[in-house]
Amino acid sequence: MGQDLLPDDLVLSQIFPEAKPASIDILANNWDICTFKAHFDTKTPPELPLDLVVRMETSTGHLEAVTAFQNLARTQIPKLVPHIFSSGKASTANGLNVEYTVTEFIADALTLESIWPSLPRPQQRTLMDAIVEALAKLQQPHVRDNAAALIASLPQQVDKIIGGPHHGYHNDMQGLLTHFVAKHQTKNKATSSITPTQDGLVIASTQPDLPAIHLTRADLAALNSSAVLCHNDLEPRNVLVRHHPGSNTYLLAAIIDWEFSAIAPFAFESALKDTALGAANLHYDWYRLYKHKTRRFIPDGEAARKLVGAVRMVVEAQRRGWTRNVGAEFRRRWMSREGVEMGENGWVKGQGGGEWVYEKRRDEELEMEILREWGSRSEDLGRAAWGCYVL
């Protein structure tokens, strides 16, 4: 069995050649990724702060591209995107090649997820307004032009104008959708397909109750022209807030984790938000507020509506294709328990759904209920390993 990735003395000496950190605090890690806080007693080198966040990944070229997209976002919202001081490649003592970034540590901040349920509604709306204002700045026309130049500068990505580090780089939306469908299949069988036609393409699933969606050439052209810089994983865990001195309010401090960022229509990001409810996000009130406040970023017309439907369908078909997957089963039961149904602008409470109240204990009990029923023979044990939220 492999071991979780950890920083050793050799890799630390390559990341920080001028001084060794006084202490290391592991924030999160698995076999392929390690994020840790490095603390220095003195400013060495002088231009760096005493506390830094380091992210290491086994080398794939992925982190270099994420850095480029994060830096692009920082040009638009510099006070909300952590500064990346350096990035590069290094090797561990056992010969493992890794990429790394050294990033600003946001002091006195906490994740919005940790306090969201306790915030009064007016405070929730104020924070969402600040987030939406930041998103609007990412969607200015010149950002797309800068992104196209950024993608073209990456190795072997000339003439690519759509996509990002996780979703791949493509000439157009047909390429992005082809990649998205290919990534959302089960191990043993295809659960959806994409077929070019004379007038565009058809995206279909193996589920008879999920109708095929036909995107015409005109639809695809409209989607190409509406692409903007998207975060694509803007959930409360990736938002940092800071307590406002002398009051009971919180202010937006940072938007982090740009791993899934891409140039794509905002309708694509909005559809991913639909697939995250009950999986990566268990806060229905956050979801509804986000959907309401960002609706203005999605152009009217059939193209965006079809794109949203296609993304939802492809992900849903994949989930139904999984057997004994804890995450997929948890989401199915969670959605049923909360009484949500698909409406015109995403999931809404249906008749008899009741008032939304978040209780972490109920979600933990639901997970344990599934684990007790299925035992250790299920595909995944624990929500940290769930495969039901695959961007």
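Residues numbered from 1 in each chain as written. Predicted model: local features only at pLDDT ≥ 70, side-chain atom pairs only at ≥ 80, totals over all residues. Heavy atoms only, no water.

1. Some remarks on the pattern of salt bridges
Inspection of every chain in the model, using the stated rule, returns 23 salt bridges. Note that glutamate 369 is salt-bridged to arginine 333, the shortest N-O span being 2.8 Å. Residue glutamate 369 is located in helix H12 (residues 360-374), and its partner arginine 333 is located in helix H11 (residues 326-338); the two are separated by 36 residues in the primary sequence. Using a relative accessible area of 31% as the deciding quantity, one classes glutamate 369 as partly exposed. We classify arginine 333 as buried; its relative accessible area is 16%. Where salt bridges share partners, they join Glu329, Arg332, Arg333, Glu369 and Glu373 into one cluster. (Salt bridge = Lys/Arg side-chain N within 4 Å of Asp/Glu carboxyl O. Helix = DSSP H or I, 4+ residues; strand = E, 2+ residues; numbered from the N terminus. Buried < 20%, exposed > 50% of the residue type's maximum accessible area, 1.4 Å probe, protein only.)

2. Remarks on the packing of helix H8 (residues 266-276) against helix H9 (residues 284-294)
Angle between the axes and distance between the axes: these two values describe a pair of packed helices. Contact pair H8 / H9: the axes reach a minimum separation of 11 Å and the direction vectors enclose 165°. What the angle tells us is that H8 and H9 run roughly antiparallel. At the point where H8 passes H9, the crossing takes the left-handed sense. Seen from H8, the contacting residues are Phe266, Glu269, Ser270, Lys273 and Asp274; seen from H9, they are Trp286, Tyr287, Tyr290, Lys291 and Thr294. (Axes fitted to C-alpha atoms, helices over the stretch in contact; angles between N-to-C directions. Parallel < 35°, antiparallel > 145°, perpendicular 65-115°, else oblique. Left-handed = near helix turned anticlockwise from the far one by under 90°. Contact = heavy atoms within 4.5 Å.)

3. A look at the sheet that holds strand E6 (residues 109-111)
One open sheet accounts for three strands, arranged E6-E13-E14; its pairing is antiparallel. The open sheet has two free edges, formed respectively by E6 and strand E14 (250-255), since each of these has just one partner strand. Sheet twist, expressed as the average angle between the axes of neighbouring strands with direction ignored, equals 40°. As paired elements, E6 and strand E13 (residues 239-243) share three bridges and run antiparallel to each other. Bridged to threonine 111 within E13 is leucine 240. (Pairing = 2+ DSSP bridges.)

4. Things to note about the sheet that holds strand E10 (residues 200-205)
Read from one edge to the other, the open sheet built from three strands follows the order E9-E10-E11, with strand pairing classed as antiparallel. Both outer strands of the open sheet, strand E9 (192-197) and strand E11 (213-216), are each paired with one neighbouring strand and no more. If you compare each strand with its neighbour and ignore which way they point, the axes differ by 15° on average. Here helix H6 (residues 173-183) sits on the sheet in contact with E9, E10 and E11, set at roughly 155° to E9. Across the sheet, helix H7 (residues 217-225) lies against E9, E10 and E11, angled at about 75° from E11, the strand it touches most.

Interpretation in functional terms is not warranted from these geometric data alone.
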